[in-house]
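A look at the structure
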Amino acid sequence: MRNATEPLIGVINAGSSSLKFSFYEGEKRLLTGQVDGIGVRPKASASGPDGESVAPPHLRGKPAAVPSELLPAIIPWAREQLGGRRLAALGHRVVHGGMRYSRPARVTPELLTELEALVPLAPLHEPHNLAPIKMALQLNPDLPQVACFDTAFHRTAPDVEQAFALPYSLYEEGVRRYGFHGLSYEYIASVLPQRAPEIANGRVVVAHLGNGCSACALNNGVSVATTMGFTALDGLPMGTRCGELDAGVVLHLIQQRNLKPEALVDLLYRRSGMLGLSGVSSDFRELLASEEPRARFAVDVFCYRVARHIASLAAAMAGLDGVVFTAGVGENAAPIRAAVCRACAWLGLELDEAANHEHRERISAPTSRVAAFVIGTDENLMIARYARALVQY
């Protein structure tokens, strides 16, 4: 491998049963991969700079119970793949940064203590995000690490967007709308001037549609409103998460069905959304291919909700100049995009059916007052950029 001209930056994105990892030299991704099925039947895959398949890390010994246990295998594997090069820094996706953090931060013992206190705000995500940081500290205490927060990008939202109509004391304590998927939205905002210059400084709704879904109102590239709130459960319906829900439903389930907290978590996070509505799958590819009426119904509910939230976010900006679809479903599911765009026709969005079917970057008609684009997101690259900047490279 050629001599390095840029420091080597590693990125770790840990979930509850999966771990994604990438290694960058400047803006160029040299290695990327993931391990799925952790705790059950782990399966690893990896690719090189041109997308070619490479031998993934060998998961030796006792299977990892949690994603952080894979770091002792991944770091040496990456070093070997990259010719023995030294890792300059490690960046991590951390779901919640609370009220304080509007920018990524260098990891210190004090920061870790603060982030541990936020675990109750994101109990299904934050512990898995923090565990690899702690593991890396054990493996190499001198390796600089950077925490990049999914909530940080939305700290620019006005107070009226962040507030629930609850006693103000709860708002002061941190019970407020935080928003998530911020790293994805920040990446889209960073590339709009090159990819869609006509809307980059305007009023844009970005729809991050994947297994997890949300939408964000960008005014001149700045987040002013988003669909997720206090947790990553709010807003749009998702693969297995319910999205927006009348709080009275939760009270009903507690009072009339005697559901305990653990059962509620399982219902709302793992058995709802597309899976719950369809009874078929949480995977949009399977739903779109299914002839089951409930599968069609689930897709219809999803598209309806996305279009409705786009209109709501347009209201937050007093107008709309563009819509951007991103993430797995947004980038690949042409029927979903078509249904959403048709439902937004009254806003001035005129779909180019052929462009959408062919997965072109611009999918709105030349005469459309509101432009529509499909732009791939790259959260890991955002993390790598911040890690490189914060370790002064």
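Refer to the structure above for everything that follows.
Residues numbered from 1 in each chain as written. Predicted model: local features only at pLDDT ≥ 70, side-chain atom pairs only at ≥ 80, totals over all residues. Heavy atoms only, no water.

1. Brief notes about the layout of surface pockets
Of the voids in this model, the largest pocket is the one considered here, and its volume is about 1900 Å³. Around the largest pocket sit 49 residues that line it, and Ser18, Lys20, Gly210, Asn211 and Gly212 are the ones nearest its centre. Within the residue set of the lining of the largest pocket, elements represented by two or more residues are β1 (8-14), β2 (19-25), β3 (28-36), α3 (126-139), α8 (261-270), α10 (284-289), α12 (327-332) and α15 (379-390). Tallied by class, residues from the lining of the largest pocket come to 14 nonpolar, 23 polar and twelve charged. Each pocket or cavity is described by its volume, and for the second largest pocket that value is around 830 Å³. Every residue lining the second largest pocket is counted, 26 residues in all, and those nearest its centre are Phe230, Thr231, Leu233, Ala247 and Val250. In terms of residue count, the dominant contributor to the lining of the second largest pocket is α8 (five residues). (1 Å grid on protein atoms, 1.4 Å probe; cavity = no way out; pocket = protein on both sides within 12 Å on 5 of 7 lines; lining within 4 Å. Points joined across faces, edges and corners; volume = space filled by probe spheres on them. Helix = DSSP H or I, 4+ residues; strand = E, 2+ residues; numbered from the N terminus. Nonpolar A, V, L, I, M, F, W, Y, C, P; charged D, E, K, R; others polar.)

2. Some points on the environment of Asn332
Structurally, Asn332 is set in helix α12. On a C-alpha basis, the gap between Asn332 and His359 in space is 7.4 Å, while along the polypeptide they are 27 residues apart.

3. With respect to the environment of Ser18
Turning to its location among the elements, Ser18 is positioned in the loop between β1 and β2. Separated by 19 residues in sequence, Ser18 and Gly37 have C-alpha atoms that sit 6.3 Å apart. Ignoring sequence-local partners within four residues, the contact set of Ser18 consists of Asn13, Val35, Asp36, Ile38 and Pro67. (Contact = heavy atoms within 4.5 Å.)

4. Observations concerning the pairing of β2
Counting buried residues along β2, six of its seven residues qualify, which places the element largely inside the surrounding structure. Two strands pair when backbone bridges link them, and β1 and β2 are joined in this way by seven bridges, in the antiparallel orientation. Pairing of Leu8 across the sheet is with Glu25, part of β2. Linking β1 to β2, which pair antiparallel, is a turn of four residues. Relative to β3, β2 runs antiparallel, the two sharing seven bridges. Opposite Tyr24, over in β3, you have Arg29 as the bridge partner. (Buried < 20%, exposed > 50% of the residue type's maximum accessible area, 1.4 Å probe, protein only. Pairing = 2+ DSSP bridges.)

5. Quick notes on the sheet that holds β1
A sheet is described by the order of its strands in space; here seven strands give the open sequence β4-β3-β2-β1-β5-β7-β6, paired in mixed fashion. Only two strands of the sheet have a single neighbouring strand rather than two, namely β4 (43-47) and β6 (105-106). Against the sheet, helix α1 (residues 71-81) contacts β1, β2, β3, β4 and β5 (87-94), and its axis sits at roughly 30° relative to β2. (Axes fitted to C-alpha atoms, helices over the stretch in contact; angles between N-to-C directions.)

6. Examining the nonpolar core
Counting residues in hydrophobic clusters, the biggest one holds 47 residues, and the most contacted among them are Leu209, Phe302, Ile310, Leu320, Phe325, Ile336 and Val340. Mapped by element, the contributors of at least two residues to this core are β8 (203-209), β9 (213-219), β10 (222-226), α10, α11 (293-316), β11 (322-326), α13 (334-343) and β12 (371-374). Here this core gets eleven residues from one element, more than from any other, and that element is α11. Residues Ala88, Ala196, Val204 and Cys216 belong to the second largest nonpolar core, which totals 33 residues. (Core = buried A, V, L, I, M, F, W, Y, C linked by side-chain atoms within 4.5 Å.)

7. So, the pattern of salt bridges
Tallied over the entire structure, the rule returns 18 salt bridges. Between Arg93 and Asp150 there is a salt bridge, with the nearest N and O atoms lying 2.7 Å from each other. Of the two residues, Arg93 is situated in strand β5 and Asp150 in the loop between β7 (145-149) and α4 (159-162); the sequence distance between them amounts to 57 residues. A single burial state applies to Arg93 and to Asp150, both of which are buried. Linking Glu353 and Arg342 is a salt bridge whose minimum nitrogen-to-oxygen distance equals 3.1 Å. Of this pair, Glu353 sits in helix α14 (residues 353-357) while Arg342 is found in helix α13, placing the two residues eleven residues apart along the sequence. (Salt bridge = Lys/Arg side-chain N within 4 Å of Asp/Glu carboxyl O.)

8. A few points about the sheet that holds β12
The strands that make up a sheet pair up through hydrogen bonds in the backbone, lying either parallel or antiparallel. Read from one edge of the open sheet, five strands run β10-β9-β8-β11-β12, paired in mixed fashion. Looking at the sheet topology across the chains shown, the edges are occupied by β10 and β12. Ignoring which end each strand starts from, the neighbouring axes of this sheet average 25° apart. Strand direction decides the pairing type here: β9 and β10, joined by four bridges, are antiparallel. When the sheet's bridge partners are listed, Asn219 is paired in β10 with Val222. Each of β8, β9, β10 and β11 is contacted by α11, which is oriented at about 150° to β8, the strand it contacts most.

9. Quick notes on the packing of aromatic side chains
Taken as a whole and assessed by the stated rule, the structure comprises five aromatic pairs. Note on Phe21 and Trp77: the rings are 5.6 Å apart at their centroids and 80° apart in plane angle, and the pair reads as edge-to-face. Highlighted residues: Phe21 in strand β2 and Trp77 in helix α1, separated in sequence by 56 residues. Trp77 carries the same exposure label as Phe21, and that label is buried. Over the aromatic face of Tyr171 sits the side chain of Arg176, whose NZ or CZ is 3.8 Å from the ring centroid. (Phe/Tyr/Trp six-rings, centres within 6.5 Å; stacked < 30°, edge-to-face > 60°. Lys NZ or Arg CZ within 6 Å of the ring centre and 35° of its normal.)

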